[in-house]
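# An overview of the molecular structure
Here is how the chains run, residue by residue.
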Amino acid sequence: MKEWNTLFVSLLFATALLMAEGCSNKEEPTKPAAKVVKLSEPEEKAEGSKPAETKPATQIVETIKKYWDAFNANNLDAVMTCFNYNAIYQPGDGKTHRGKAEIRTAFEPQFNGAWGAMRFDEHDRIFDVENRKMAIRYVCRHDISDTKPRGLGVLFRGIVTHLFVGKRFGWQGVDVFHFDADGKIKEKYSYSWYGSNTPHFQAELG
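Attention in this report is confined to the structure presented alongside it. Everything quoted here is computed from the prediction, not taken from an experiment. (Residues numbered from 1 in each chain as written. Predicted model: local features only at pLDDT ≥ 70, side-chain atom pairs only at ≥ 80, totals over all residues. Heavy atoms only, no water.)

### Quick look at unusual backbone geometry
Test applied: The buried label applies to any residue whose accessible area, calculated with a 1.4 Å probe on protein chains only, is under 20% of its type's maximum; exposed applies above 50%, and partly exposed to all values in between. Only DSSP runs of H or I with at least four residues qualify as helices, and only runs of E with at least two residues qualify as strands; both kinds are numbered from the N terminus onward.
Even without a glycine there, the phi angle at Asn 74 is positive, about 55 degrees. Residue classification places Asn 74 among the partly exposed positions, given a relative accessible area of 44%. Backbone geometry at Arg 132 places phi at a positive 55 degrees, although glycine is not the residue there. Here Arg 132 is to be found in the loop between β3 (117-128) and β4 (133-143).

### Here's the deal with helix α2 (residues 55-72)
Here is the rule we go by: Expected helix span is computed as 1.5 Å times (number of residues minus one). The reported arc concerns the directions from the helix axis to the C-beta atoms and nothing else.
An ideal rise of 1.5 Å per residue puts 26 Å on 18 residues; α2 measures up with 26 Å between its terminal C-alpha atoms. Of the positions making up α2, those classed as buried are Ala 57, Ile 60, Thr 63, Ile 64, Tyr 67, Trp 68, Ala 70 and Phe 71. All buried residues of α2 lie within an arc of 165 degrees about the axis, which places them on one face of the element. Along α2, the residues that are exposed and aim more than 90 degrees away from the buried face are Lys 55, Glu 62 and Lys 65. At the exit of α2 stands Asn 74, carrying a positive phi of roughly 55 degrees.

### Remarks on the environment of His 142
Note the cut-off: Any pair of N or O atoms that falls within 3.5 Å is considered a polar contact. Within protein, one atom must be able to donate a hydrogen and the other to accept it, and sequence-neighbouring residues count only if both atoms are side-chain atoms.
Note that His 142 resides in strand β4. Separated by 23 residues in sequence, His 142 and Arg 119 place their C-alpha atoms 6.7 Å apart. A polar contact is formed between the side chain of His 142 and the backbone oxygen of Trp 115, at a distance of 3.0 Å. Here Trp 171 takes part through its side chain, which lies 2.9 Å from a polar atom of the side chain of His 142.

### So, helix α4 (residues 99-111)
Short version of the rule: A residue's bend is given by the angle between axes fitted to the 7 residues ending at it and the 7 residues starting at it. Two residues form a contact once any of their heavy atoms are found within 4.5 Å.
For α4, with 13 residues, the first-to-last C-alpha span of 18 Å sits near the 18 Å given by 1.5 Å per residue. Most pronounced at Thr 105, the bend in α4 amounts to some 30 degrees, and the proline Pro 109 follows within four residues. Taken together, the buried positions of α4 are Gly 99, Ile 103, Phe 107, Gln 110 and Phe 111. Taken together, the buried residues of α4 touch α2, α3 (76-80), β1 (83-90), β2 (97-98) and β3. Directly beyond the C-terminal end of α4, a positive phi value near 85 degrees is found at Gly 113.

Rendered as structure tokens:
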């Protein structure tokens, strides 16, 4: 009887060991694989491309360069391509010229040599990109050696200027430009010293 009890206890012990081993080898539930999200890399910009917001600024800078070069080359046709059709021009003498036709008429004496050979040299530039405005400080230089005045008033003024400041002189001014969405000049305001409807001429600037 004692042998049977020993055998029974041994079987129970062996069964317990097998159950314990089975529990320890039981696989844990499979966890779902983590979802991998691949962040797309930013697309490379085409070489030489610029952000969209810089386009108006580029157009304005190109317009002003063309405008300045055309003035110094005495090319009125090229100057007028820089203006908006309904542009406004105030030269600082109390007059306002509206539209390209009036502005062209106001410019014609200068381009026809009424005040001699003229050249504009830029000194400073302030550019308000957001509001599409630009201010330029410059010196306008005259050489009236070969003046072609039209009208007695212009002729008399040329003679007086020659007597007081010579054939070569200059004056300082500021132009304020407003531009449309296409970079064309829609408003132009000129400022200088107009105590007698003329700028302050200085021989040393000639």
